[in-house]
Amino acid sequence: ALIQPNSIKALAICITTATIGSIISDIDVTTSESHKDLIKILTISIIMIILCSIADGVFHIGIIAFILKQTNLCRILIGILAFLLVCSFGMHKPHRTFMHSVPCVLTLSAIVFLILPSATFSFGISMLSHIILDLFNKKKVQIFYPWDFKFALKFCTANGTVSNLICSICTALCFIEIGIFISNYHL
């Protein structure tokens, strides 16, 4: 809603990077389910990249050409390596610390800018929205990592009714907006 892509290729890139940005913060989950969560995060990220590539090939949207106009293979490879290093560091930190902090959002957004400048805002906004939504939970978030200041609004629990309702409403609104965009695009 904030980004307002102006073409199908911009929408595809926006959705792909926003999806990755919205889930990457939870790479630091330390429960017994963490391995499943890590696989889920990586799988969703890879699926989104594959779907974006398939859409480009089938519908001849021009996504790959659009990307290559903004960057080059060297920047992409260095960026991916840096992204993986930051995430590797973050996944070994306690949940809701580094990967849920403003410094992490800024660092990963800068890396995304290195990889693909036009994807930076959608990635950063989605990662930041994840963190903001986590602030409503009862568990505290160390938003200014490494400083020990932690904050929680204590409005709901992570998998509680209120949290799931907020997630469902936001997801529905995203799908409605994508539907409106696509229907207007074809007119």
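Residues numbered from 1 in each chain as written. Predicted model: local features only at pLDDT ≥ 70, side-chain atom pairs only at ≥ 80, totals over all residues. Heavy atoms only, no water.

Draft legend 1. Structural detail: unusual backbone geometry. Omega for the bond connecting Tyr 145 with Pro 146 falls within 30 degrees of zero, at 10 degrees, which places this linkage in the cis form. Of note, Pro 146 is situated in the loop between α6 (120-134) and α7 (161-185). Unusually for a residue other than glycine, Lys 154 sits at a positive phi of about 55 degrees. (Helix = DSSP H or I, 4+ residues; strand = E, 2+ residues; numbered from the N terminus.)

Draft legend 2. How the structure looks around the state of the cysteines. Counted by the stated rule, this structure contains 0 disulfides. No disulfide involves Cys 104; its sulfur sits 6.7 Å from that of Cys 87, the nearest cysteine. (Disulfide = S-S within 2.5 Å.)

Draft legend 3. Fine view of the environment of Lys 140. Mapped onto the elements, Lys 140 comes out in the loop between α6 and α7. Classification of Lys 140 as partly exposed rests on a relative accessible area of 45%. Sequence separation between Lys 140 and Phe 123 is 17 residues; the distance between their C-alpha atoms is 23 Å. With residues up to four places along the chain from it excluded, the contact list for Lys 140 reads Arg 96, Lys 150, Phe 151, Ala 152 and Lys 154. (Buried < 20%, exposed > 50% of the residue type's maximum accessible area, 1.4 Å probe, protein only. Contact = heavy atoms within 4.5 Å.)

Draft legend 4. Focus on the packing of aromatic side chains. Per the counting criterion, the structure on display carries 6 aromatic pairs. Ring centres of Phe 83 and Phe 123 lie 5.8 Å apart, and the angle between their planes is 70 degrees; this geometry places the pair in the edge-to-face category. Here the residue Phe 83 occupies a position in helix α4 (residues 73-91), and Phe 123 occupies one in helix α6, the gap between them amounting to 40 residues. Its relative accessible area of 13% is what places Phe 83 among the buried residues. With a centroid separation of 5.4 Å and an interplanar angle of 70 degrees, the aromatic rings of Phe 98 and Tyr 145 are classed as edge-to-face. Of the two residues, Phe 98 sits in the loop between α4 and α5 (102-115) while Tyr 145 sits in the loop between α6 and α7, which places them 47 residues apart along the sequence. Taken as a pair, Phe 98 and Tyr 145 share a single burial class, namely buried. (Phe/Tyr/Trp six-rings, centres within 6.5 Å; stacked < 30°, edge-to-face > 60°.)

Draft legend 5. Layout of the layout of surface pockets. Its volume calculated, the second largest pocket comes out at about 830 Å³. If you trace the second largest pocket, you find 29 residues lining it, with Thr 16, Ile 20, Ile 49, Ile 80 and Ile 115 closest to the centre. Contributing elements (two or more residues each) for the lining of the second largest pocket: α1 (8-23), α2 (34-59), α3 (63-70), α4 and α5. Here the element with the most residues in the lining of the second largest pocket is α4; it accounts for 7 residues. Across the lining of the second largest pocket, the residue classes tally to 23 nonpolar, 6 polar and no charged. (1 Å grid on protein atoms, 1.4 Å probe; cavity = no way out; pocket = protein on both sides within 12 Å on 5 of 7 lines; lining within 4 Å. Points joined across faces, edges and corners; volume = space filled by probe spheres on them. Nonpolar A, V, L, I, M, F, W, Y, C, P; charged D, E, K, R; others polar.)

Draft legend 6. Focus on the nonpolar core. Counting residues in hydrophobic clusters, the biggest one holds 35 residues, and the most contacted among them are Ile 24, Phe 83, Cys 87, Met 99, Leu 108, Phe 123 and Met 127. Where this core is concerned, the elements lending two or more residues are α1, α2, α4, α5 and α6. If near-sequence neighbours (up to four positions away) are discounted, Phe 123 is found in contact with Thr 17, Ile 20, Gly 21, Ile 24, Phe 83, Leu 108, Ser 109 and Val 112. (Core = buried A, V, L, I, M, F, W, Y, C linked by side-chain atoms within 4.5 Å.)

Draft legend 7. Main features of a nonpolar patch on the surface. A surface patch of nonpolar side chains, about 770 Å² in accessible area, is lined by Leu 42, Ile 46, Ile 47, Ile 50, Leu 51, Ile 54, Val 58 and Phe 59. Residue class for Leu 51 comes out partly exposed when judged on its relative accessible area of 48%. (Patch = residues over 30% accessible without salt bridge, like charges linked within 9 Å, V, L, I, M, F, W, Y side chains within 5 Å. Areas by Shrake-Rupley, 256 points an atom, 1.4 Å probe, with all protein chains shown as cover. Salt bridge = Lys/Arg side-chain N within 4 Å of Asp/Glu carboxyl O.)

Draft legend 8. View of the environment of Phe 89. Positionally, Phe 89 belongs in helix α4. A relative accessible area of 40% places Phe 89 in the partly exposed class. Taking the C-alpha atoms as reference, Phe 89 lies 9.2 Å from Asp 28; in sequence the two are 61 residues apart. Contact partners of Phe 89, with chain neighbours within four places excluded, come to Phe 98 and Tyr 145.

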